[in-house]
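# Summary of the model geometry
What follows is each chain in one-letter form.
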Amino acid sequence: MFKKVISYTMIIIITLSLIGCSGKKEEIETQNGKLNVVVSFYAMEEFVKEIGKDKVNVYTIIPEGVEPHDFEPKAKDLRKLENADMLVLNGAGMEHWSKDVIKAVKNEKLKVIDTSQGVNLINISEENGDSSHIGSENTHENLGVDPHLWLGLTTAKIQSENIKNALVELDNANSKYYEENYVAFANELDNLYKDYKVKFDSIANKNFVTGHATFAYLCRDFNLNQISIEGVFAEGEPSPKKMKELTDLCKEKNIKTIFMESLVSPQVSETLAKEVDGKTATIYTLHSKEDNLSYLESMKSNLDIIYNSLK
Ligand SMILES: [Zn+2]
């Protein structure tokens, strides 16, 4: 509640400060004839660039290396939105700030895209019903659904299609361009899915351990099971008791590779790997740009590393 009061105050202050700089608006708007698209975080940036390519300028609100679950947009982000054609959100509660920000931004032409439209969302309580969540309690404001859609290949395809439809609607003169880019990207997603579906179906071991519970959609795609150190919203390091439970579970299931995320307690992954006499390996969650890899490169690497750890 206290946090909410602060964020409303912040938005009022930002709104007041924006009144003073509205004179700059025209200049930015007529920049280069491309659509100005603002996205919330890295994975959305990748999807928009794959489909919009040369026809879009993309501005990403959540900076590189920043954990997005608890992020609040800054005054400069709201200024970008005042001059944008489109705001692309992951949806499913990932951008807890979006309602307040959209209300605060004075831009009647801004088209807001919730890319989770049409996705069969995974309920967090459903996930908590199994043993895969040994992380800390979920105290995050959320919609009761898992927001990590972009980490499933079939869900990423729906998100990309929603982006493509929005670009076509906004810039119909280039509809063929967006359609073609979408089809090319969707084909790559399909091929990756087909390749790994066969591979994962051929092995009996389905359990892997990661930093925070980000891979529910990927697990649904390939019938895998994630065991996570932290919960769905990267709430913080686990207690010694939870660590003991994780260690026992890894030993019981003979898990020797612990995946490590750059933004979520990498030291805990290392400690756990030592406890079970195993090793760590880097996994990409695309909350932020990592190792200069594209979406497809990161996902290919993830699938490969998960598959190799299960073989
Ligand atoms: Zn996350």
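Scroll up for the structure.
As the structure is a prediction and not an experimental result, all values here were calculated from the model. (Residues numbered from 1 in each chain as written. Predicted model: local features only at pLDDT ≥ 70, side-chain atom pairs only at ≥ 80, totals over all residues. Heavy atoms only, no water.)

### A short note on the packing of aromatic side chains
Aromatic ring pairs are reported here in terms of the distance separating the ring centres and the angle at which the planes meet. By the definition in use, this model includes 11 aromatic pairs. Between Tyr193 and Phe222, the aromatic rings sit 5.3 Å apart at their centres with planes inclined by 35 degrees, giving tilted as the arrangement. Separated by 29 residues along the polypeptide, Tyr193 in helix α8 (residues 175-201) and Phe222 in helix α9 (residues 216-222) bring together distant segments of the chain. With relative accessibility at 24%, the residue Tyr193 sits in the partly exposed group. Ring centres of Phe200 and Phe222 lie 5.2 Å apart, and the angle between their planes is 55 degrees; this geometry places the pair in the tilted category. Here Phe200, found in helix α8, pairs with Phe222, found in helix α9; they are 22 residues apart in sequence, far enough to count as distant. Across the pair, exposure class does not vary: Phe200 and Phe222 are buried alike. Residue placement shows Lys55 over the ring face of Tyr177; its charged tip is 4.9 Å from the ring centre. (Phe/Tyr/Trp six-rings, centres within 6.5 Å; stacked < 30°, edge-to-face > 60°. Helix = DSSP H or I, 4+ residues; strand = E, 2+ residues; numbered from the N terminus. Buried < 20%, exposed > 50% of the residue type's maximum accessible area, 1.4 Å probe, protein only. Lys NZ or Arg CZ within 6 Å of the ring centre and 35° of its normal.)

### Concerning the coordination of the zinc ion
The coordination sphere of the zinc ion contains the protein donors His69 (NE2), His148 (NE2), His212 (NE2) and His287 (NE2), at a distance range of 1.8 to 2.3 Å. The site at the zinc ion holds 4 donor atoms, and with the angles between them running 104 to 114 degrees, its shape is tetrahedral. Each donor residue of the zinc ion lies on the same chain, and together they follow the pattern H-x78-H-x63-H-x74-H. Remark: His212 occurs in strand β5 (residues 207-212) and His69 occurs in the loop between β2 (56-60) and α4 (75-82); sequence separation between them is 143 residues. Neither His69 nor His212 differs from the other in exposure class; each is buried. (Donors = N, O, S within 2.8 Å, 3.2 Å for Na, K, Ca; no water. Tetrahedral: all angles 85-135°; square planar, octahedral: opposite > 155°, others 65-115°.)

### Some words on helix α12 (residues 295-310)
The end-to-end C-alpha separation of α12 is 23 Å, in line with the 22 Å expected for 16 residues at 1.5 Å each. Those residues of α12 that sit buried are Tyr295, Leu296, Ser298, Met299, Asn302, Leu303, Ile306, Tyr307 and Leu310. The buried side chains of α12 occupy one side of the element, clustering within an arc of 165 degrees when seen end-on. As for α12, its buried residues are in contact with α3 (42-52), α7 (153-170), α8, β5, α9 and β7 (257-260). (Expected span 1.5 Å × (residues − 1). Arc of directions from axis to C-beta. Contact = heavy atoms within 4.5 Å.)

### Details of the nonpolar core
Formed by 64 residues in total, the largest nonpolar core has its most connected members in Ile61, Val88, Trp150, Phe200, Tyr295 and Ile306. Three or more residues apiece are contributed to this core by two domains, here domain 1 (2-119 + 146-174) and domain 2 (188-310). In this structure, Met243, Leu246, Leu249 and Ile255 belong to the second largest nonpolar core, which totals 13 residues. (Core = buried A, V, L, I, M, F, W, Y, C linked by side-chain atoms within 4.5 Å. Domains from an automatic or database assignment.)

### Things to note about the packing of α3 against α8
α8 packs onto α3 with a crossing angle of 120 degrees between their chain directions and a minimal axis gap of 7 Å. With respect to each other, α3 and α8 are oriented oblique. In contact with Phe47, Glu50, Ile51 and Gly52 of α3, α8 contributes Tyr177, Tyr178, Asn181, Tyr182 and Phe185. Across the contact of α3 with α8, the residue classes break down as 6 nonpolar, 2 polar and 1 charged. (Axes fitted to C-alpha atoms, helices over the stretch in contact; angles between N-to-C directions. Parallel < 35°, antiparallel > 145°, perpendicular 65-115°, else oblique. Nonpolar A, V, L, I, M, F, W, Y, C, P; charged D, E, K, R; others polar.)

### Details of the sheet that holds strand β4 (residues 111-114)
Taken together, 4 strands build an open sheet; the order of strands is β2-β1-β3-β4 and the sheet is parallel. Each edge of the open sheet carries a strand with a single partner, namely β2 and β4. Neighbour-to-neighbour, the strand axes of this sheet turn through a mean angle of 25 degrees, independent of strand direction. In this sheet, β2 lies alongside strand β1 (residues 35-39) in parallel orientation, the contact comprising 5 bridges. Bridge pairing links Val39 to Thr60 in β2. Taken strand by strand, α4 contacts β1, β2 and β3 (86-89), and its axis lies near 155 degrees from that of β2. Set on the sheet, α7 makes contact with β1, β2, β3 and β4; between it and β4 the angle comes to about 160 degrees. (Pairing = 2+ DSSP bridges.)

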